[in-house]
Amino acid sequence: MRKTYIATMCMLFASGSAIADPFESCPSKAFLMQDSVAKLYGIDLVSAKATTIAASLTREGAANTSSVNAVGFNYKDQYMYGYSKQEPGRVVQIGNDYDMTVLDVTGLPDTNFYVGDIQVTGTGTNQQAYYFVYTPNHGLYKIPLNDDLTQSIASIQYTGSENWNLNIFDFAFHPNSNLLYAMESNGNLHEINVDTATTTFITQLDTAGDSGAFGATYFDVNGQFYASNNRSGKIHKVDLSVSPVVGYTPTASVFTSGPKSGQNDGARCAIAEVKVTDNSIDFGDAPNGYATTLADSGPRHLYDPNDDGENLVYLGASVDGENINTAADLAAAPIDNSDDGVAFVTDFVGGQNTQIIVTASQNSYLYAWFDWNQDQVFSADEAMLDKIAINAGDNSLLIPVPETTLEGNTWARFRVTDGSEASNINATGGVSGGEVEDYEITTYASDAYPSENDWVTLSYEDKWPFAGDYDFNDLVTHFRSTRYKENGAVVGYRIEGEILGVGATYHNGFAVRLYDQINASTERRVNRAEIDEANISFTIDGVVQETSPLEAGRSDAILIVMEDVWDYVQKNGGCQYFRTEANCQSGTKVTFSMTVPLLAPKALADSPANVLDPFIFASADHFHGDFMNSIDKRSWEVHLKNRAPTEAFSNELYSVSGSDDASNPAANSYFQTTSGLPWAMEIGAAWKHPIETIDITNAYPKFAAFATSAGKNSITWYSEPQLSKVITSGAQ
């Protein structure tokens, strides 16, 4: 039937100028007319790929010197129609050779129309086609396209439409309801009924910051409305499958990013599908619900499969394409084998930073979203990387995990581009070039001590069991610990801190023993065999340590942070110690962090304040006092007051001659003097440690009252130092 109609049309034009053949079929691509001298592009709405169809149009065999606007596609006769500025009142028909045939249309005002589309009504041989144009100053006009187009055609003005004052730059007919839809620069969506000559404001759409003219609008056969922004090139998609719009409020999402221009106008066969037709587009892999498919404006990147790879931007070793139009397509091919560009170094724990390694083929830009609340939406506040410049090769990045993240399995989405987009991209929508990779990840809840962003300060005196100078600066370190939790059980620990001062003549190591409960009546330690040793992550000053920190030959889980602290700190020139002398208060702090997973979850017990036992021990092969000459150096330890030593400790040390220590293991009393003073302290706030050789009771006059009262008196002793006797700068 269509061929018969086309043949008839050709006969009708036989008496006038020759006209081009129509387009062979209802094309899926959208037509985009741009520039002051009309150029025609084909836009693949799926991928945003723009192809130049005609670098310049001709007008009846002669060069065209004008723009063409208000274009529409007539799927009754398979021609495009538009309005030429070359002479007022010049309606043109465009065939498949992109030559413009001028129609003799009367009754149009002497003005330029830049809003237009084709309405097709009826079915079969009863189909009727009408070309509609609009301008705010003169209103809406209807031009029939059903009779002999070589003859004069009278346009019909819609009385009163000149008062609509719609600030629109294109409109499109819905393929089912035949209602017109248009979007103003501010996102206002309007519905126009040409039968009743009425307009209805529907809603103000959120266009993600896009402002300015939406100069090209389209429909597809499923009633999806597309509006292209001239300024950004972004094409927004609005679900108008229900038309007229009643009972719900449409929303807009960025569908793809097309070419931008100061002058845009669009046309499309409204009864054609928008779908993927080849495998040159890379899609995400997150399951249905994460807006992964084309039907949900899913993330997708067009690439050239014939490219040798030198110019392609992607993550990992390669990129490949999928044909993911619907949820059924996604279910049939849920995993993309080329998703190998992101490695997760540390776990995702609420309130902590996690390290990832991203491998890129080229210098490019990276975006990332994490579904922390597990609602299957990558929301704007879950964008953790926003157009971050990365280099070709490996890139180490930190991702801050919100304290409110839910524990369990969730998904992360990464997108990489060459940065040529006019503005940042979203978790959905199509762009040209690059790749999207989705990953399933596990997130953990946590409890941190003292909190996710604060420290306690640990200070040690290494002359034990002798009082010595009692200056509490032999080791001073900030310290924080975190328990990772899953389903109400502990699955791992994180230990981190920074060395603030080392005033020791002796060489000491620093270690932590793991507990899950400590109190006077019950003591539950974490066994070494419960630790997933192969997956411990351990760094000092950001450098990954190759050896395991888990001390060998022990039944308890003892983690050696540093065998000898002096091996890591750097004294300033002329200084004997590290940040403990009056003129040696600067110097770079030494940081450490350790993530320790368990092989199996453990039931929660004590609060996080009671699950770690940090202590110092004597370093091997270094002098640590005459009383240690015949005793294994590792067997000397100093713990916080009333914390029992480890299995490595030598009980001989309780009976050293001249000792100032009053430990009584039978009474669970450890590492304190007869007056209750400790050899190790945890201070729950920032403090200024004593200068070298200054007794802490002189530097802090109220300390003794605090310590001997078991913490009941002078509880803010640390806030009242003798400033001349403490480190006052750079210590915190």
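Use the structure listed above.
Predicted model, so just to flag it, every value in this text is computed and none were measured.

Undergrad: In this structure, what is going on with unusual backbone geometry? I would like to understand it.
TA: If a residue is not glycine, its phi is most likely negative; likewise, a peptide bond is most likely trans. Of note, the bond from serine 243 into proline 244 is cis; its omega dihedral lies within 30 degrees of zero at 5°. Among the structural elements, proline 244 can be located in the loop between strand E21 (234-239) and strand E22 (252-257). Backbone geometry places alanine 291, a non-glycine residue, at a positive phi of 50°. Structurally, the position occupied by alanine 291 is in the loop between strand E24 (281-283) and strand E25 (300-302). Here the phi dihedral of arginine 579 falls at roughly 60°; this positive angle occurs in a residue that is not glycine. For arginine 579, the location among the structural elements is in the loop between strand E42 (558-562) and strand E43 (590-603).

Undergrad: Which parts of the structure should I look at to understand the pattern of salt bridges?
TA: Two side chains of opposite charge can pair, provided their charged atoms sit close to one another. Inspection of the entire model under this criterion finds 18 salt bridges. Residues joined by salt bridges that share partners form a network here, namely Arg513, Arg525, Asp556, Asp613 and Arg643.

Undergrad: What's the story with the state of the cysteines in this structure? I'm lost.
TA: Joining two cysteines, a disulfide is a covalent bond between their sulfur atoms. One pass over the full model with this rule turns up two disulfides. In this model cysteine 26 forms its disulfide with cysteine 269; the gap between the sulfur atoms is 1.4 Å. The chirality of the disulfide connecting cysteine 26 with cysteine 269 is left-handed, given an S-S dihedral of about -95°. Taken together, the residues cysteine 26 in the loop between helix H1 (2-12) and strand E1 (30-34) and cysteine 269 in the loop between strand E23 (264-267) and E24 connect sequence positions 243 residues apart. Here cysteine 575 engages in a disulfide with cysteine 584; their sulfurs sit 2.0 Å apart. Its S-S torsion of approximately -95° makes the covalent link between cysteine 575 and cysteine 584 left-handed. With respect to burial, cysteine 575 and cysteine 584 carry one shared label: buried. Looking at the protein, its bonded cysteines, counted consecutively from the start of the sequence, adopt the pairing 1-2, 3-4.

Undergrad: Please explain the nonpolar core as it appears in this structure.
TA: The tendency in soluble globular proteins is for nonpolar side chains to be buried side by side. If you look at the biggest cluster of nonpolar residues, it comprises 55 residues, and the most contacted ones within it are Met33, Leu57, Met80, Leu108, Tyr131, Leu145 and Phe225. In this structure, tyrosine 131 is in contact with Asn69, Ala70, Tyr81, Gly82, Tyr83, Val91, Asp117, Ile118, Tyr141, Lys142, Ile143 and Leu145, ignoring residues within four places of it in sequence. The next biggest cluster of nonpolar side chains, apart from the first, holds 53 residues, and it includes Tyr460, Trp464, Leu550 and Phe578.

The rules we used
Residues numbered from 1 in each chain as written. Predicted model: local features only at pLDDT ≥ 70, side-chain atom pairs only at ≥ 80, totals over all residues. Heavy atoms only, no water. Helix = DSSP H or I, 4+ residues; strand = E, 2+ residues; numbered from the N terminus. Salt bridge = Lys/Arg side-chain N within 4 Å of Asp/Glu carboxyl O. Disulfide = S-S within 2.5 Å. Buried < 20%, exposed > 50% of the residue type's maximum accessible area, 1.4 Å probe, protein only. Core = buried A, V, L, I, M, F, W, Y, C linked by side-chain atoms within 4.5 Å. Contact = heavy atoms within 4.5 Å.

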